[in-house]
Amino acid sequence: MQLEEIRRVAMKYALLNALQYKGKASLKAVIGKVIAEQPELRKHIEIVRKVVSEVVDVVNSMSIDEQRRKLEDEYGPEVLGASKRKTKDREGLPPLPNVEAIMRKYGMVVTRFAPAPTGALHIGQLVRAAMLSYLYAKRYNGKMILRIEDTDPRVIKRIYYDWILEDLKSVGIKWDELIIVSDRFERHYEIAEKLIRSGCAYVCICPSEKFRIYKEKRIECPDRMLPPEEHLKRWKGMLEGEYGEGEAVVRLKVSMFHPNPVLRDPPLLRIIESVPHPLKGYKYRVYPLYNFACAIEDHDSCVTHIIRAKEHEHNAAVQAEIHKALGWEMPIAIQYGMVYLEGYKLHKRHIREGLKKGELTGWDDVRLPTVRALIRRGIQPEAIKRLALELSLTPHDIKLSIETLYAFNRKVIDPIANRYYFVEDPIKMIIHDAPVPLIVKLRLHPQYPERGFREYRFLKSPLEVYVSKSDLEKKRKGDEIRLIELFNVKISEISNEVVEGVYTGMEIRQDIPKIQWVSEPFLYAEIMKPDGGISRGFIELHAQNIREGEIVQLERYAFVRLEKNEGEVLKFLYLHR
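Residues numbered from 1 in each chain as written. Predicted model: local features only at pLDDT ≥ 70, side-chain atom pairs only at ≥ 80, totals over all residues. Heavy atoms only, no water.

*Asks:* Can you break down the sheet that holds strand β24 (residues 551-554) residue by residue, with the values?
*Replies:* Across the sheet, which stays open at both edges, the seven strands sit in the order β12-β24-β25-β26-β22-β23-β13 with mixed pairing between neighbours. Here the strands that pair on one side only, and so sit at the sheet edges, are β12 (418-420) and β13 (422-424). Sheet twist, expressed as the mean angle between neighbouring strand axes with direction ignored, is 40 degrees. Here three bridges tie β12 to β24, and the two strands are oriented parallel to one another. The partner of Arg-419 across the bridge, within β24, is Gln-553. Of the strands in this sheet, β24, β25 (558-565) and β26 (569-576) are in contact with helix α17 (residues 402-413), which crosses β26 at around 125 degrees. (Pairing = 2+ DSSP bridges. Helix = DSSP H or I, 4+ residues; strand = E, 2+ residues; numbered from the N terminus. Axes fitted to C-alpha atoms, helices over the stretch in contact; angles between N-to-C directions. Contact = heavy atoms within 4.5 Å.)

The structure is reproduced here in structure tokens:
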């Protein structure tokens, strides 16, 4: 009976069981699976129980993302089961509600993604609101609208319009129609006047602090009871400059007694004249608020399904009242749970603060979870799509580890990434008695010999290479190591400046550690990490053939993307392991 074999089998079943039951494996269930696979272990049940208990404790201390990743990495994705794979293979998307009725009424499914140009897109926005809206429109041969909500000139910038388009294109999202909301302000004015004229809206000139008291105490604003004719005059005054910023607001008449404070006469339009609009300058001084713009644009564009985070529940309630006042039918809203990316602050205000303080180099800083930063590092569009399908429309909040995205990305890039050797913090190793001359051919990719080889020639003895100091930690005189794809070496002398060793044979042995190496001539490499730190070392000469923008794997180190080739120095961005 091999304890390691018991541990290996127990680990597989513990991971499977944990993923089935919200990350917590059952000791009893796992023992049953181990015994079922290896019945001869019944006579050693106490030992099995002890080993399995240790494994279950380890598994239950992991996050669900870590459990899934370990299961797939060590046992292969097929261990998750054919039924799970089948669900994912069919695009991983549950059907949208009422599609048949929608098709009969409107002829097609129409979705929309409606970002504000307040910064570059981040992964939280992209992976659900944008990607799922796109995938659903594609699934039903429908239409996806990209709508840029530029209704507050105080927080938007011109460059962000372009970045939204660039970011979506970079991940393969193709919209069918582009709408800039500021191009349609005249339509918004038309609807506002219609609501005022019909008595469904009014112009409130109460100071904001006073209206806040009315709202808290459920008291109707005195302006509310004035006739529509008076409010139409005030509306004209808003447009023509009789009121200043903060002096007049168009409000929807709902009820000042409504149990939901958000629905106590919510604002629809307000005056902003202190800041020019990046596209319209000072052409407009009355701007629609988010909910008013959304209601009009969703209706006019015949949007059938809105895919959005459940944090918009209050906004949805306001939009429903606007639709009701206008006699319009609300689109179907599908609300998903929030995605919390562990270790990151996703709000754009945090990024803007970091930029202003000089703590970040830009919206594509490698420390950020923005789409620009992730694409810069080498995250592939297909990996983002797979993550979107994995998350789907789960209504529950999700704590997402960035490692989950890395796991999907690894599967995409592993077949295309050529291999090279890199040694961090290098130290020279001198090897005596090596059989020279020696020609070594290293495959560019272990699974694709047709891609070619990196060839090195060692012509004289002693033979010299460079290895990483970290690979020699805890190594002593007399210890043996294997230089990968080269030969075995016994360490004869070791110091902080140089290591000496003796050739001991070509045979691949499982009992000695394997380390990579770099020989002269070499190139220098700098690798910027996701935390902003930089690793430095030597990289093999054949790395000069890596193209800028290409992703490669530095063996036993990480996947990296070459950002700049400076001839003698190659500058990489760290992607993930």
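Moving on from the model shown.
*Asks:* Which residues make up the packing of aromatic side chains, and what values do they have?
*Replies:* Tallied over the full model, the rule gives 17 aromatic pairs. Seen in terms of ring centroids, Tyr-189 and Tyr-284 are 6.0 Å apart; in terms of plane orientation they differ by 75 degrees. Their pairing is edge-to-face. Of this pair, Tyr-189 sits in helix α9 (residues 185-197) while Tyr-284 sits in the loop between β6 (267-271) and β7 (286-288), and the two are 95 residues apart along the sequence. Relative to Tyr-503, the ring of Phe-487 lies with its centre 5.2 Å away and its plane at 85 degrees, an arrangement referred to as edge-to-face. Here Tyr-503 lies in strand β20 (residues 498-505) and Phe-487 lies in strand β19 (residues 487-494), a separation of 16 residues in the sequence. Using a relative accessible area of 21% as the deciding quantity, one classes Tyr-503 as partly exposed. Connected via pairs of aromatic rings, a cluster forms that spans Phe-185, Tyr-189, Trp-235, Tyr-284 and Tyr-287. (Phe/Tyr/Trp six-rings, centres within 6.5 Å; stacked < 30°, edge-to-face > 60°. Buried < 20%, exposed > 50% of the residue type's maximum accessible area, 1.4 Å probe, protein only.)

*Asks:* Describe the nonpolar core, naming the residues involved and giving the relevant values.
*Replies:* Counting residues in hydrophobic clusters, the biggest one holds 60 residues, and the most contacted among them are Leu-126, Leu-168, Ile-173 and Leu-405. The dominant element in this core, judged by the number of residues it contributes, is helix α7 (residues 123-139), at eleven residues. Those residues in contact with Leu-405, other than ones at most four positions away along the chain, are Ile-123, Leu-374, Ile-379, Ala-383, Ile-384 and Leu-387. Ranked by size, the runner-up nonpolar core spans 33 residues in total, among them Leu-252, Ile-272, Tyr-287 and Ile-296. (Core = buried A, V, L, I, M, F, W, Y, C linked by side-chain atoms within 4.5 Å.)

*Asks:* Got a sec to walk through helix α1 (residues 3-20)? Specific residues and values, please.
*Replies:* Along its 18 residues, α1 runs 26 Å from first to last C-alpha, staying within 8% of the 26 Å computed at 1.5 Å per residue. Of the positions making up α1, those classed as buried are Ile-6, Val-9, Ala-10, Met-11, Lys-12, Tyr-13, Ala-14, Leu-15, Asn-17 and Ala-18. (Expected span 1.5 Å × (residues − 1).)

*Asks:* If you had to explain the pattern of salt bridges to someone new, which residues and values would you point to?
*Replies:* When the charged atoms of two side chains lie near each other, side chains of opposite charge can form a pair. Applying the stated criterion to the full structure yields 39 salt bridges. When the shortest N-O distance is used, the salt bridge between Arg-457 and Glu-455 registers 2.9 Å. Residue classification places Glu-455 among the partly exposed residues on the basis of a relative accessible area of 30%. Linking Glu-550 and Arg-547 is a salt bridge whose minimum nitrogen-to-oxygen distance equals 3.7 Å. Arg-547 gets classed as exposed once you look at its relative accessible area, which sits at 56%. The structure contains a network of salt bridges with shared partners spanning Arg-184, Arg-187, Glu-190, Glu-297 and Asp-300. (Salt bridge = Lys/Arg side-chain N within 4 Å of Asp/Glu carboxyl O.)

*Asks:* Quick rundown of the environment of Lys-217? Include the residues and the values.
*Replies:* Examined against the element boundaries, Lys-217 turns out to sit in helix α10 (residues 208-217). Note: C-alpha distance between Lys-217 and Glu-66 (151 residues apart in sequence) is 50 Å.

*Asks:* Help me get a handle on the pairing of strand β16 (residues 453-458), residues and values and all.
*Replies:* Along β16, the buried face is formed by Arg-454, Tyr-456 and Phe-458; none of Phe-453, Glu-455 and Arg-457, which line the opposite face, is buried. For strand β15 (residues 438-443) and β16, the ladder comprises six bridges, and the chain directions are antiparallel. In the strand pairing of β16, Leu-442 is matched with Arg-454.

*Asks:* Residues and numbers for helix α13 (residues 313-326), please.
*Replies:* Its 14 residues place the ends of α13 20 Å apart at the C-alpha level, agreeing with the 20 Å of an ideal helix rising 1.5 Å per residue. Of all the positions in α13, only Ala-316, Val-318, Gln-319, Glu-321, Ile-322, His-323 and Leu-326 are classed as buried. Elements in contact with the buried residues of α13: α9, β5 (249-252), β6, α12 (290-300), β8 (305-309) and β9 (332-336). In the segment just after α13, Gly-327 is the residue with positive phi, at about 75 degrees.

*Asks:* Describe the layout of surface pockets, and please don't skip the residues or the numbers.
*Replies:* The computed volume of the largest pocket comes to approximately 1,200 Å³. At the level of secondary structure, the elements contributing two or more residues to the lining of the largest pocket comprise β1 (110-113), α7, β8, β10 (339-341) and α14 (348-356). For the lining of the largest pocket, the element with the highest residue contribution is α7, accounting for five residues. Of the residues in the lining of the largest pocket, the class split is 18 nonpolar, ten polar and eleven charged. (1 Å grid on protein atoms, 1.4 Å probe; cavity = no way out; pocket = protein on both sides within 12 Å on 5 of 7 lines; lining within 4 Å. Points joined across faces, edges and corners; volume = space filled by probe spheres on them. Nonpolar A, V, L, I, M, F, W, Y, C, P; charged D, E, K, R; others polar.)

*Asks:* Which residues make up the side chain of Asp-471, and what are the values?
*Replies:* By the secondary structure assignment, Asp-471 is in the loop between β17 (463-468) and β18 (480-483). Judged by its relative accessible area of 16%, Asp-471 is buried.

*Asks:* Quick rundown of the confidence of the model for the protein? Include the residues and the values.
*Replies:* The predicted model of the protein averages 92 in pLDDT, with 96% of residues at 70 or higher. Every residue in residues 82-90 scores below 50 in pLDDT, and together they form three contacts with partners more than four places removed in sequence or on other chains. (pLDDT = per-residue confidence, 0-100.)

*Asks:* Account for the pairing of β8, with residues named and values stated.
*Replies:* Burial analysis of β8 places five of its five residues in the buried class, which makes it a mostly covered element. A two-sided burial pattern is seen for β8, the buried positions comprising His-305, Ile-307 and Ala-309 on one face and Ile-306 and Arg-308 on the other. Inspection of the sheet shows β8 paired to β9 by five bridges, in the parallel sense. When the sheet's bridge partners are listed, Ile-306 is paired in β9 with Ala-333.

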